[in-house]
Amino acid sequence: MSLKQKLMALGLSSAVALAGANLIAPAEAPNGEPILHTYLDPVDIITACFGHTGPELENNQFFSEQQCIEMFAKDLGKADRQLRRLTYPVQLTEGEHAAYLSLIYNFGAGNFQTSTLRKLLLRGERVAACYQLTEACGKHGCNGFVYARGIKQPGLVERRAKEQSICLKDLYVEQNH
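Below or above, wherever it landed, is the structure these notes cover. (Residues numbered from 1 in each chain as written. Predicted model: local features only at pLDDT ≥ 70, side-chain atom pairs only at ≥ 80, totals over all residues. Heavy atoms only, no water.)

## A word on the state of the cysteines
- Applying the stated rule across the entire model yields 2 disulfides.
- The side chain of Cys49 participates in a disulfide bridge whose partner is Cys68; the two sulfur atoms lie 2.0 Å from each other. The sign of the S-S torsion, about -60°, decides the handedness of the disulfide formed by Cys49 and Cys68: left-handed. Residue Cys49 is found in strand β2 (residues 46–49), and its partner Cys68 is found in helix α3 (residues 65–87); the two are separated by 19 residues along the sequence.
- Classification of Cys68 by relative accessible area gives buried; the value is 0%.
- Between Cys130 and Cys167 runs a disulfide, and the two sulfur atoms are separated by 2.0 Å. The sign of the S-S torsion, about -70°, decides the handedness of the disulfide formed by Cys130 and Cys167: left-handed. A residue pair is termed long-range when its members are at least 10 positions apart, and Cys130 in helix α7 (residues 126–131) and Cys167 in helix α8 (residues 154–175) qualify at 37 residues. (Disulfide = S-S within 2.5 Å. Helix = DSSP H or I, 4+ residues; strand = E, 2+ residues; numbered from the N terminus. Buried < 20%, exposed > 50% of the residue type's maximum accessible area, 1.4 Å probe, protein only.)

## Some details on the sheet that holds strand β1 (residues 35–40)
- Strands sit in the order β1-β2-β3 across an open sheet of 3 strands; the sheet is antiparallel. The two strands at the open ends of the sheet, each matched to only one other strand, are β1 and β3 (52–53).
- Bridging between β2 and β3 involves 2 bridges; their strand directions are antiparallel. Pairing of Ala48 across the sheet is with His52, part of β3. (Pairing = 2+ DSSP bridges.)

And the structure:
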C-alpha cells in the first residue's frame, strides 16, 4: 500500500494525502520514508518521522512506521484545517491546496497568516501568490520561505520550486479558457 493510500485509510482526503505523499514526505524524510527516531532539524528542533515536532518528543525516542504514519496524518489534518481557515473564502485549486499545505506544514500557520503570499491570495492575485513561494525578495516584499536561521537552505529552495510548479499548474489551465 502506498503512503497516499495509507493516509487516505486514516481519513484524509485524496488532495491532502496526495500533498503529503508527493510534496511533504519527500521533503521531510529521505526517499519519502519516515525517520523512525528523534533528531534535531536544521534549526535544532527535536523532530521525528515526517517532520513531526511537538512537546511530547524527547531525544532518543524511537517509533514504528505505523506510529509515524499516524502522526503524519494527524499533522496533515491540523495543517489542512489551518490552511482552510486562513484562505477562506477562496476556493483553492488542487495545486494551490497542495502547495500551501506543504508550506504551512513546513513554516507554520502563523508565518503563513502574516505572509505577503496570503495577502495576494485573498486579494485574488493567485498567480502572484504562487510566485511568492520562490521569491525571496521582490516587488511584493520579502519572505523567509527558503531560510532557516537566516541561512538560505538548498533543500527549501528545491521544495519551494516544486510547490510553485504545482501551485501554478491549475491556474494557467484556468486562465487559458
